[in-house]
Amino acid sequence: AEEEKEQAKREADEIEAALELLINELVARQRLASKYQTLGEVRKAVHNLKRVGEELALRNRSEEAIEAYRQVLKVVPTDFAARERIVQLFERLKRVPEAIGEGLVLAREFGKFGLVNRAKNVFRHLIALNPMQIDIRRELIELLVRMREKPEAVVEYEQLADIFRDQQDEAQLLAVYQQILP
């Protein structure tokens, strides 16, 4: 029994030491990222910042993880994966308006780079988060029209018409019908 307690104590000490290393690894990676930025080694800086973000997210420290991903975006503003992760983290925090704001930037960036299907998927996801978002639905419709996906655009126009009908906004409803029936 005494030997068993000694073994358990050793294992507990090892686990404590490992946990201490994990905590220090986060700090070390943050410092390392900063040094790589100073050296102009963007790829290595981003790699370390993303590792920090992921580890913080795993520890349910979403606010800090978002900040780590924001640092990635300061270094590489077009890092789609970092912005996608920020959207996910805001969703996890149930902060839908911020998730939608970041998602809009992401969708527009995808569109700018010709990644129209990815943009379309992000717009659809944002609409699912808040179906009453008229402006997002309009942006999706514009994208669908540019993509020559008329049937999908018509479905979105019809859903927009339903919103305006529910809001009893006759002028907007008429404008939507004028778009559907050119």
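Definitions and limits used
- Residues numbered from 1 in each chain as written.
- Predicted model: local features only at pLDDT ≥ 70, side-chain atom pairs only at ≥ 80, totals over all residues.
- Heavy atoms only, no water.
- Helix = DSSP H or I, 4+ residues; strand = E, 2+ residues; numbered from the N terminus.
- Phe/Tyr/Trp six-rings, centres within 6.5 Å; stacked < 30°, edge-to-face > 60°.
- Buried < 20%, exposed > 50% of the residue type's maximum accessible area, 1.4 Å probe, protein only.

Novice: How do you make sense of unusual backbone geometry when you look at a structure like this?
Specialist: Only a minority of non-glycine residues have a phi that is not negative, and only a minority of peptide bonds are not trans. Non-glycine residue Lys-94 carries a positive phi angle of around 65°. Among the secondary structure elements, Lys-94 is positioned in the loop between helix H4 (80–92) and helix H5 (96–112). Unusually for a residue other than glycine, Gln-168 sits at a positive phi of about 55°. Tracing the chain through its elements places Gln-168 in the loop between helix H8 (150–166) and helix H9 (170–180).

Novice: How should the packing of aromatic side chains be read in this particular structure?
Specialist: What characterises a pair of aromatic rings is the spacing of the ring centres plus the angle enclosed by the ring planes. All chains considered together, the criterion is met by two aromatic pairs. Considering the side-chain rings of Phe-80 and Phe-110, the 4.6 Å spacing of their centres and the 50° angle between planes classify their relative orientation as tilted. One end of the pair, Phe-80, is in helix H4; the other, Phe-110, is in helix H5, with 30 residues separating them in the sequence. The class for Phe-110 is buried, based on a relative accessible area of 0%. Each ring, one from Phe-80 and one from Phe-113, has its centre 5.6 Å from the other, and the planes form 80°; the classification is edge-to-face. With Phe-80 in helix H4 and Phe-113 in the loop between H5 and helix H6 (116–129), the pair connects residues that are 33 residues apart, well separated along the chain. Given a relative accessible area of 49%, Phe-113 falls into the partly exposed group. Taken together, the ring pairs in this structure connect Phe-80, Phe-110 and Phe-113 into an aromatic cluster.

These figures come from the coordinates and say nothing about function on their own.
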